[in-house]
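What follows is each chain in one-letter form.
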Amino acid sequence: MRVAVTGASGYVAGWVVRELLARGHHVCGTVRDPSREDKVGHLRALADELPGTLELFSADLMKPGSFREAFAGCEVVLHTASPFTLSGGDPEKDLVEPALEGTRNALADASATESVRRVVLTSSVAAVFGDAKECQTRGGLLDESHWNETSRLDHMPYPYSKTVAEREAWRIAEAQDQWDLVVLNPGFVMGPSLSTRVDGTSVEYMINMATGKMPAMWDFETPWVDVREVAFAHAEATERSEASGRHILSCGEVPMLTVGRWIAEDHPGRFKPPTRRIPKWVAYLAAPLFGFTFEYVRVNVGFEVRMDHGKSERELGVTYRPLRETVNDHLEQLVRDGLIP
Ligand code: NAP
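This text gives an overview of the structure that appears in the document.

How each quantity is defined
Residues numbered from 1 in each chain as written. Predicted model: local features only at pLDDT ≥ 70, side-chain atom pairs only at ≥ 80, totals over all residues. Heavy atoms only, no water. Helix = DSSP H or I, 4+ residues; strand = E, 2+ residues; numbered from the N terminus. Rg over C-alpha atoms; globule rule 2.2 N^0.38 Å. Buried < 20%, exposed > 50% of the residue type's maximum accessible area, 1.4 Å probe, protein only. Contact = heavy atoms within 4.5 Å. Near = heavy atom within 4 Å. Polar contact = N/O pair within 3.5 Å; in protein donor to acceptor, adjacent residues only side chain to side chain. Nonpolar A, V, L, I, M, F, W, Y, C, P; charged D, E, K, R; others polar. Patch = residues over 30% accessible without salt bridge, like charges linked within 9 Å, V, L, I, M, F, W, Y side chains within 5 Å. Areas by Shrake-Rupley, 256 points an atom, 1.4 Å probe, with all protein chains shown as cover. Salt bridge = Lys/Arg side-chain N within 4 Å of Asp/Glu carboxyl O. Lys, Arg positive; Asp, Glu negative; His and termini not counted. Charge placed at Lys NZ, Arg CZ, Asp CG, Glu CD. Pairing = 2+ DSSP bridges. Axes fitted to C-alpha atoms, helices over the stretch in contact; angles between N-to-C directions.

1. Let's talk about the overall build of the protein chain
Line of reasoning, step 1. The helix and strand inventory of the protein chain stands at 13 helices and twelve strands.
Line of reasoning, step 2. For 341 residues, the compact-globule formula gives about 20 Å, and the C-alpha radius of gyration of the protein chain, at 19 Å, lands near that figure.
Line of reasoning, step 3. Seen through its C-alpha atoms, the protein chain measures out along the principal axes to roughly 55 × 40 × 40 Å.
Line of reasoning, step 4. Taken over 341 residues, the protein chain has a buried fraction of 57%.
Line of reasoning, step 5. Taking the contacts inside the protein chain whose residues are at least 6 apart along the sequence as the reference set, 78% of them involve residues at least 24 apart.

Below, the structure written as structure tokens:
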């Protein structure tokens, strides 16, 4: 199949491109600047090794019509490009505008391309829930029927950007009948990166976990998923004509401190993971120093999150590896690539 992947240079998209090339597809990847070897060199190397073929195109989320050339002749468009950052900047300009306008622009270009029959959107569990407390108020188990109703521009702006973008994608999909929409909602993605970029949030987070930048943590748990399972789900959503709706991708919901403890146990003395617990009352005092608000601590620290990921197993055939294996594989890649000592 001829398949387009927006944001092919990203951490998640690297594995998506790899999976599609391994299955023999022709991948039309979009990147902001295809001449940046540091962002696309690993993709070209994959195309040299694997059965599929790769073409790279220049496209920007904020430019209407930018994806037309890349989408031409494609049956499926995988829209992964969207900024993922949890800190700093202008939330409207840096997160919401590119997520929302980018979705409108990419989907308008899909509609303008006759060959496109399906759009696969990389959304997030952040569009399913915003605050950890939401799980409690919704019966203790979140599934694909739930939507994030608590994030705002001034409270959890990244989850807000993913929520408004996914809602807009459903609105656009329902207003036409040329293509159908399949949405993937991954948890926090971890696992080895195919590039040596360190500016992605997942990679940066693992580096911080390993190098002592987070020596202690408050009780916070989140759904996690291996980047290789995320890529597999994208490829299945591309190929399975019967796929439909949203799909939570999570290997389980695990506290950050548990991940820190595993790193300490599996690599004694080698890394500096968070192992000390910050009580909630201290979190209230410390939060502003790390850019978190009182409200963030109140509705996120100390709450259990549980998500039902059964649909992704039943309908996309995903098999989740244990998170501990994912963490160890990620650390091994970071060491091998000289990104952590
Ligand atoms: P990433 O490595 O930062 O990749 C983001 C991609 O979006 C990059 O290719 C980036 O292009 C592209 N992009 C950003 N702004 C753009 C713009 N204005 N025009 C064109 N492209 C633009 O992040 P990631 O972790 O792989 O995330 C990929 C997708 O997965 C995102 O939709 C994210 O929300 C979603 N997701 C990620 C996670 C996670 O834990 N990582 C979890 C759930 C969902 P450049 O290479 O040019 O910067």
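2. Quick look at the site of the ligand
Line of reasoning, step 1. Around the ligand sit 25 residues, and of these Ser9, Thr80, Tyr158, Val189 and Arg197 come closest.
Line of reasoning, step 2. Interatomic distance of 2.5 Å between a side-chain N/O atom of Ser9 and an oxygen atom of the ligand.
Line of reasoning, step 3. Separating an oxygen atom of the ligand from a backbone N or O atom of Ser82 is a distance of 3.3 Å.
Line of reasoning, step 4. Among the elements of the structure, helix H1 (11–22), helix H6 (157–174) and strand S7 (188–190) are those that each provide at least two residues to the shell around the ligand.
Line of reasoning, step 5. Considered class by class, the residues forming the shell around the ligand number ten nonpolar, ten polar and five charged.

3. Here's the deal with a negative patch on the surface
Line of reasoning, step 1. There is a patch of like negative charges on the surface, built from Asp90, Glu92, Asp94 and Glu97.
Line of reasoning, step 2. Topologically, Glu92 is positioned in helix H4 (residues 91–111).

4. Observations concerning the sheet that holds S7
Line of reasoning, step 1. With mixed pairing, three strands are arranged side by side in an open sheet as S7-S9-S11. Only two strands of the sheet have a single partner each, and these edge strands are S7 and strand S11 (252–255). The sheet shows a mean angle of 50 degrees between the axes of neighbouring strands, taken without regard to direction.
Line of reasoning, step 2. The pairing of strand S9 (residues 221–226) with S11 spans four bridges and is classified as antiparallel. Among the inter-strand pairings, Glu221 is bridged to a residue of S11, identified as Pro255.
Line of reasoning, step 3. Strand contacts of helix H9 (residues 256–266): S7, S9 and S11, with the helix running at about 75 degrees to S11, the strand carrying the most contacts.

5. Comments concerning the environment of Arg23
Line of reasoning, step 1. One can find Arg23 in the loop between H1 and strand S2 (26–31).
Line of reasoning, step 2. Note on Arg23: relative accessible area 25%, which makes it partly exposed.
Line of reasoning, step 3. Considered as a pair, Arg23 and Ala235 are 212 residues apart in the sequence and their alpha carbons are 8.5 Å apart.
Line of reasoning, step 4. Once residues within four sequence positions are removed from consideration, Arg23 is found in contact with Phe232, Ala235, Glu236 and Glu239.
Line of reasoning, step 5. Only 3.0 Å separates the side chain of Arg23 from the side chain of Glu19, close enough to count as a polar contact.

In short, shape yes, function no, at least from these values alone.
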